[in-house]
Amino acid sequence: MNRDTMAPPIRFVSRLLCMTLAIPLLAACDAGAPAPPPEEPPLAGADIGGPFELTGEDGKTYRWSDFDGQYRIVYFGYAYCPDVCPTDVQRMAQGLNLFERQSPELARQIQPIFITVDPARDTQEVVGEFTDAFHPLLLGLTGTPEQVEAAADVFRVYYQKGADQPGGGYLMDHSNFTFLFGPDGAPLATLPTDLGPEAVAEELAKWVR
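What you see is a predicted model; the values in this text were computed from it and never measured.

Counted by the stated rule, this structure contains 12 aromatic pairs. On the numbers, 5.8 Å between centres and 35° between planes, the contact of F177 with F179 is tilted. The exposure class assigned to F177 is partly exposed, which follows from its relative accessible area of 48%. Chaining the aromatic ring pairs together yields one cluster made of F52, W64, F76, F155, F177, F179 and F181. In this arrangement the basic side chain of R72 is found over the ring face of W64, its NZ or CZ atom lying 4.4 Å from the centre. Sitting over the ring of Y170, R121 keeps its end group 3.6 Å from the ring centre.

With that out of the way, let us pick up the side chain of D118. Within the element layout of this structure, D118 appears in the loop between β4 (110-116) and α4 (124-132). Taking relative accessible area as the criterion, D118 reaches 2% and is therefore assigned buried. At a separation of 2.7 Å, a polar atom in the side chain of D118 contacts the side chain of Y170. Aside from chain neighbours lying at most four places away, what touches D118 is Y78, Y80, Y170 and M172.

One way to put it is that helix α2 (residues 84-102) packs onto helix α6 (residues 197-207) with a least axis distance of 7 Å and a crossing angle of 55°. On the basis of the axis angle, α2 is oblique to α6. Considering only the axes of α2 and α6, their crossing is right-handed. Between α2 and α6, the contacting residues are R91, M92, Q94, G95, L96, L98, F99 and Q102 on the first element and P197, E198, V200, A201, L204 and A205 on the second. Taken together, the residues of the contact of α2 with α6 break down into nine nonpolar, three polar and two charged.

One open sheet accounts for seven strands, arranged β2-β1-β5-β4-β3-β8-β9; its pairing is mixed. With one partner strand each, in any of the chains shown, β2 (61-63) and β9 (187-190) form the two edges of the open sheet. Across this sheet, the average inter-strand angle for adjacent strands is 35°, counted without regard to direction. Direction of pairing for strand β3 (residues 71-77) relative to β4: parallel, over a ladder of seven bridges. Its bridge partner being in β4, V74 is matched across the sheet by I113. This element, α2, spans β3, β4 and β8 (178-181) of the sheet and lies at about 165° to β3. The sheet strands contacting α6 are β3, β4, β8 and β9, and the helix crosses β9 at an angle near 160°.

Reading the values: rules and limits
- Residues numbered from 1 in each chain as written.
- Predicted model: local features only at pLDDT ≥ 70, side-chain atom pairs only at ≥ 80, totals over all residues.
- Heavy atoms only, no water.
- Phe/Tyr/Trp six-rings, centres within 6.5 Å; stacked < 30°, edge-to-face > 60°.
- Buried < 20%, exposed > 50% of the residue type's maximum accessible area, 1.4 Å probe, protein only.
- Lys NZ or Arg CZ within 6 Å of the ring centre and 35° of its normal.
- Helix = DSSP H or I, 4+ residues; strand = E, 2+ residues; numbered from the N terminus.
- Polar contact = N/O pair within 3.5 Å; in protein donor to acceptor, adjacent residues only side chain to side chain.
- Contact = heavy atoms within 4.5 Å.
- Axes fitted to C-alpha atoms, helices over the stretch in contact; angles between N-to-C directions.
- Parallel < 35°, antiparallel > 145°, perpendicular 65-115°, else oblique.
- Left-handed = near helix turned anticlockwise from the far one by under 90°.
- Nonpolar A, V, L, I, M, F, W, Y, C, P; charged D, E, K, R; others polar.
- Pairing = 2+ DSSP bridges.

Rendered as structure tokens:
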């Protein structure tokens, strides 16, 4: 048999053998490579959040430390808000519902909290009716004007009463961030309620572990 006719198959088998032997070596190299460092939360180290004392929709006194060991979603708004607050809270609640279906065990570690910036009108009963419309776990908090102001200060939340409107009533100007905090009370991220419930659920999945 002609040696030239045998050469290509022999060379092919040799190459195939070398590739086969190389695959486990490459896999071993990859397995030994150090894992990339975990992504740092966007709000890591930010001076947001801290002690407060407020009254819950159930009449109980709540402090920030009462939620130690839990992830916390915090939103400042008011029940008489005509559009922004109900939209933000609805998307937050829907995003939490999605996350509950995807990761029920992790979702049980989350406490959503709504804090009013309009204590003059948002009584315990009013904030209770507001939060009950969105999620059964959403806790509404109110208090004296001084208590609300102190809480807003430590969460770096701006709010101001608007001008009285014809026929009575008024609007409240306020920042509308939806904050996510870790079990130690440290800020992790803001939840993108402006992008919809799916984006909220995705953000929760990144940081609730």
